[in-house]
Amino acid sequence: MTGLIRIGYGLWCWAVFLMVGILLLVLGFPTPGVALRRSMARRGGRIFFALAGIRFRVHGLEKLPSAACVVVANHSSYIDGVVLQAALPPRFAFVIKKEMVRVPLAGLLLRRLGSEFVDRKDRHRGGVDARRVLKTALAGESLAVFPEGTFTGEVGIHRFHVGAFVAAAHSGLPVVPVAIRGARAVLPCDAWLPRRAAIEVEILGALPAPAASAERAAALRLKEAARNAILAELGEPDLGA
């Protein structure tokens, strides 16, 4: 019986997710202004967690700088994007792998939310995408990034890609590490049905904005500082050593 309840719960979660996603598209597609559409998506994410019975908590919102910044978070589940969208104020543009464009419902919704897509497989296109993201940062828009790029079933923090930190260093924006707990328990990479668990988002102290610098060393220092902060907060194994 426990197995049947688990399956029923997982199917309910997907039904709620689909319902909220379609509602956001119907209401948000004609809505002018990306900030308003992001606000709707933020509320939609929180409604999803409430209807799914998933306890969702965000700590440390007061630590976010009032001006533009780059948020970087650990990545352990397909649900991480929903988690961060529900947690952050609507001024953040998400940097997402380009493969998500091809996901029917998600791709359209992400485009309407002003997301930046980055090609991880084609070096030339990836370079063009990275320059576009940098231009977005230089224009003073806040970014949200999962610098691990992907995730596996192994518990721990993988190595960080440097792109988000290059954008922060070039534009002189502070980097804010964010630790996500519980997303892996809700939807592990080897499962297709969500499970009931609590999710907590801990916004850590911002790393000071560097003087705008094109030097890779500045980006690498930011990367290591942010990664170490997330490792220390989560206490998970270092898989990038």
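Procedures and definitions
Residues numbered from 1 in each chain as written. Predicted model: local features only at pLDDT ≥ 70, side-chain atom pairs only at ≥ 80, totals over all residues. Heavy atoms only, no water. Buried < 20%, exposed > 50% of the residue type's maximum accessible area, 1.4 Å probe, protein only. Helix = DSSP H or I, 4+ residues; strand = E, 2+ residues; numbered from the N terminus. Pairing = 2+ DSSP bridges. Contact = heavy atoms within 4.5 Å. Core = buried A, V, L, I, M, F, W, Y, C linked by side-chain atoms within 4.5 Å. Phe/Tyr/Trp six-rings, centres within 6.5 Å; stacked < 30°, edge-to-face > 60°. Axes fitted to C-alpha atoms, helices over the stretch in contact; angles between N-to-C directions.

Visitor: Report on the pairing of strand β5 (residues 142-145), specifying residues and quantitative values.
Guide: Of the two faces of β5, the one holding S142 and A144 and the one holding L143 and V145 are both buried throughout. As defined by bridge partners, strand β2 (residues 70-73) adjoins β5 across three bridges and the pair is classed as parallel. Residue V71 lies in a different strand from β5, and its bridge partner there is A144. With four bridges joining them, strand β3 (residues 92-97) and β5 adopt parallel strand pairing.

Visitor: I'd like to hear about the environment of I54, residue by residue, with values.
Guide: Summarising the element assignment, I54 is placed in the loop between α2 (34-51) and β1 (56-59). Among the residues examined, I54 registers a relative accessible area of 5% and is labelled buried. It is 7.2 Å that separates the C-alpha atoms of I54 and I199, two residues lying 145 residues apart in sequence. Not counting the four nearest positions on each side in its chain, I54 is found in contact with Y9, F49, V186, A197 and I199.

Visitor: Can you tell me about the nonpolar core, naming the residues and giving the values?
Guide: Counting 42 residues, the largest nonpolar core has F49, L84 and L88 as its most contacted members. Those residues in contact with L84 that lie beyond four places of it in its chain are V71, A73, F94, A144, F146, V178 and I180.

Visitor: Can you tell me about the packing of aromatic side chains, naming the residues and giving the values?
Guide: Counted by the stated rule, this structure contains six aromatic pairs. Ring plane angle 75 degrees and centroid distance 5.5 Å describe the contact between F17 and F48, whose orientation is recorded as edge-to-face. Remark: F48 occurs in helix α2 and F17 occurs in helix α1 (residues 2-28); sequence separation between them is 31 residues. Judged by relative accessible area, F48 falls into the buried class, the value being 4%. With a centroid separation of 6.2 Å and 10 degrees between ring planes, the pair formed by F160 and F165 is classed as stacked. Ring pairing ties together the aromatic residues W14, F17, F48, F49 and F56, which thus form one cluster.

Visitor: Break down the sheet that holds strand β7 (residues 199-203) for me, citing the residues and quoting the values.
Guide: Judged by pairing direction, the sheet is mixed, and its seven strands sit side by side in the order β1-β7-β6-β2-β5-β3-β4 without closing on themselves. Taken across any chain shown, the strands that pair with only one partner, and hence form the sheet edges, are β1 and β4 (116-118). For this sheet the average axis-to-axis angle between neighbouring strands, irrespective of direction, equals 20 degrees. Pairing geometry for β1 and β7, over four bridges, is parallel. If you follow V58 over to β7, its bridge partner there is V201. Helix α8 (residues 216-234) rests against β2, β6 (175-181) and β7 of the sheet, and its axis sits at about 30 degrees to β6.

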